[in-house]
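Architecture at a glance
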Amino acid sequence: LLNALDGVASQEGRIVFLTTNHIEKLDPALIRPGRCDLQVEFTNATTSMIRAIFLKFFPGEEKYASDFADAIPSERLSMAQLQQHLMKYKSNPKQALIEVDRVLSSSTNEFRWNDITHWLNQLGLAQAAPYFLAEKVCSVHQLRDFSAGDLKSYEISTKGDQQRVMAMVNGNKLTKELFKHVNKESAERLIDKVLVPHKHQCKAQILEKISSNNCEFSGYQILDLVAKFGRSFSDTVLLEAFDTQAKFNRLIDQGGQVKPIKSSNETTSAEIGEKDHLGRTLSEILSKWKLSE
């Protein structure tokens, strides 16, 4: 391939296009300057792109186009998904707008795993989401060029947390397993790994909450909650932490949005980091998040 680009097999007067869904997996020698002179990321559809593609299918339908674009969150859907939806109703712009929830519903799972808030929450690092959003890092794909050191600017300051993020970005097998939602049996095994012996009497209550909350927990969430609240805090605080995490998971799954934290005298990065070390509860974290249902 390298020879075809600029070796003995290369030709003059041509333009070569390379496409990939995983640029981070390509050999740097392949995409260095001189071989790949221009890199363009094709993101999901922005509001203006959504409106434009609607008008391509239905020229002159300005009102429907604007309503359609307003109904779909920016960068939620790919252009291919929009095209597929519009093809179904290519002779009926009104119906294409009415049925917009169908295409949004079909994309929910795909969107969840690319959305930075949901992704960080699964990793047990939900408190960092407002800092990413404040810098307009909204998609997991945007992390591909990050290094562990870059994460310090987003309130992911410990080496362990940085390794967790980078391992997930790089597809580490164990990290991916802990990132997933776990069943009751898997949850019990994880709890046994970190719960101190004298706290085992509340394990049954935790497992009951996990199975009765109508909410799924990731492996990382369970490990972190037990490690943080199961050693020095009372059983009541530990159980409340699971309730709070369950509530937050449901809000995120239902489309709750986390608003970026803005710099102010009242809330600074240093202040937040300091309070984390003092064992701040999840409820306090959520109050700083300004979560809107």
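Located above this text is the structure these notes cover.
Since the model is a prediction, treat every value here as computed from it, not as a measurement.

Here's the deal with the packing of aromatic side chains
Tallied over the full model, the rule gives eight aromatic pairs. Measuring from ring centre to ring centre gives 5.5 Å for Phe 146 and Tyr 154, while their planes differ by 45 degrees; the resulting arrangement is tilted. By relative accessible area, which is 16% here, Phe 146 ends up buried. The exposure class of Tyr 154 is buried, given its relative accessible area of 12%. These aromatic residues form a ring-pair network of at least three members: Phe 54, Phe 57, Phe 58 and Phe 68.

Observations concerning the environment of Ser 10
Along the polypeptide, Ser 10 turns up in the loop between helix 1 (2–6) and helix 2 (47–57). Given a relative accessible area of 26%, Ser 10 falls into the partly exposed group. Beyond its immediate stretch of four places on either side in the chain, Ser 10 contacts Asn 3, Ala 4 and Leu 5.

Observations concerning the nonpolar core
Membership of the largest hydrophobic core comes to 44 residues, with the highest contact counts inside it found for Trp 119, Leu 120, Phe 132, Ile 210, Ile 222 and Phe 242. Secondary structure elements with two or more residues in this core: helix 8 (116–122), helix 9 (129–134), helix 10 (159–169), helix 11 (173–179), helix 12 (184–194), helix 13 (203–212), helix 14 (219–229) and helix 15 (235–253). A total of six residues in this core trace back to one element, the largest contributor, which is helix 14. Apart from the residues within four sequence positions on either side, Ile 222 is in contact with Val 182, Ala 187, Leu 190, Ile 191, Ile 210, Phe 217 and Phe 242. Listed in part, the 19 residues of the second largest apolar core include Ile 53, Phe 68, Ala 69 and Leu 86.

Quick notes on the packing of helix 14 against helix 15
In contact at an axis separation of 9 Å, helix 14 and helix 15 are set at 150 degrees when each is read in the N-to-C sense. When the axes of helix 14 and helix 15 are compared, the pair comes out roughly antiparallel. Here helix 14 and helix 15 pass one another in a crossing that is right-handed. Listed contacts from helix 15 to Gln 221, Ile 222, Leu 225, Val 226 and Phe 229 of helix 14 are Val 237, Leu 238, Ala 241, Phe 242, Gln 245 and Asn 249. A class-by-class count of the residues in the contact of helix 14 with helix 15 yields eight nonpolar, three polar and no charged.

A short note on a nonpolar patch on the surface
On the surface, Leu 38, Val 40 and Phe 42 cluster together into a nonpolar patch covering about 420 Å² of accessible area. Mapped onto the fold, Leu 38 is located in the loop between helix 1 and helix 2. Residue class for Leu 38 comes out exposed when judged on its relative accessible area of 70%.

Regarding the packing of helix 2 against helix 4 (residues 79–88)
Between helix 2 and helix 4, the least distance of the axes is 11 Å, while the angle of their chain directions is 35 degrees. Pair helix 2 / helix 4 crosses with right-handed handedness. Where helix 2 approaches helix 4, its residues Met 49, Ile 50, Ile 53, Phe 54 and Phe 57 are matched on the opposing element by Met 79, Leu 82, Gln 83, Leu 86 and Met 87. Among the residues making up the contact of helix 2 with helix 4, the classes are represented as nine nonpolar, one polar and no charged.

Concerning the pattern of salt bridges
Under the criterion given, the structure shown has six salt bridges. Arg 51 is paired through a salt bridge with Glu 62; the nearest N and O atoms lie 2.3 Å apart. Note that Arg 51 is positioned in helix 2 and Glu 62 in helix 3 (residues 62–71), a separation of 11 residues in sequence. By relative accessible area, Arg 51 is classed as partly exposed at 30%. Between Asp 192 and Lys 203 there is a salt bridge, with the nearest N and O atoms lying 2.9 Å from each other. One end of the pair, Asp 192, is in helix 12; the other, Lys 203, is in helix 13, and 11 residues separate them in sequence. Its relative accessible area of 15% is what places Lys 203 among the buried residues.

As for the environment of Lys 152
Among the secondary structure elements, Lys 152 is positioned in the loop between helix 9 and helix 10. For Lys 152, a relative accessible area of 52% translates into the label exposed. Linking Lys 152 and Gln 162, residues 10 residues apart in sequence, is a C-alpha distance of 8.2 Å.

Cut-offs used in this document
Residues numbered from 1 in each chain as written. Predicted model: local features only at pLDDT ≥ 70, side-chain atom pairs only at ≥ 80, totals over all residues. Heavy atoms only, no water. Phe/Tyr/Trp six-rings, centres within 6.5 Å; stacked < 30°, edge-to-face > 60°. Buried < 20%, exposed > 50% of the residue type's maximum accessible area, 1.4 Å probe, protein only. Helix = DSSP H or I, 4+ residues; strand = E, 2+ residues; numbered from the N terminus. Contact = heavy atoms within 4.5 Å. Core = buried A, V, L, I, M, F, W, Y, C linked by side-chain atoms within 4.5 Å. Axes fitted to C-alpha atoms, helices over the stretch in contact; angles between N-to-C directions. Parallel < 35°, antiparallel > 145°, perpendicular 65-115°, else oblique. Left-handed = near helix turned anticlockwise from the far one by under 90°. Nonpolar A, V, L, I, M, F, W, Y, C, P; charged D, E, K, R; others polar. Patch = residues over 30% accessible without salt bridge, like charges linked within 9 Å, V, L, I, M, F, W, Y side chains within 5 Å. Areas by Shrake-Rupley, 256 points an atom, 1.4 Å probe, with all protein chains shown as cover. Salt bridge = Lys/Arg side-chain N within 4 Å of Asp/Glu carboxyl O.

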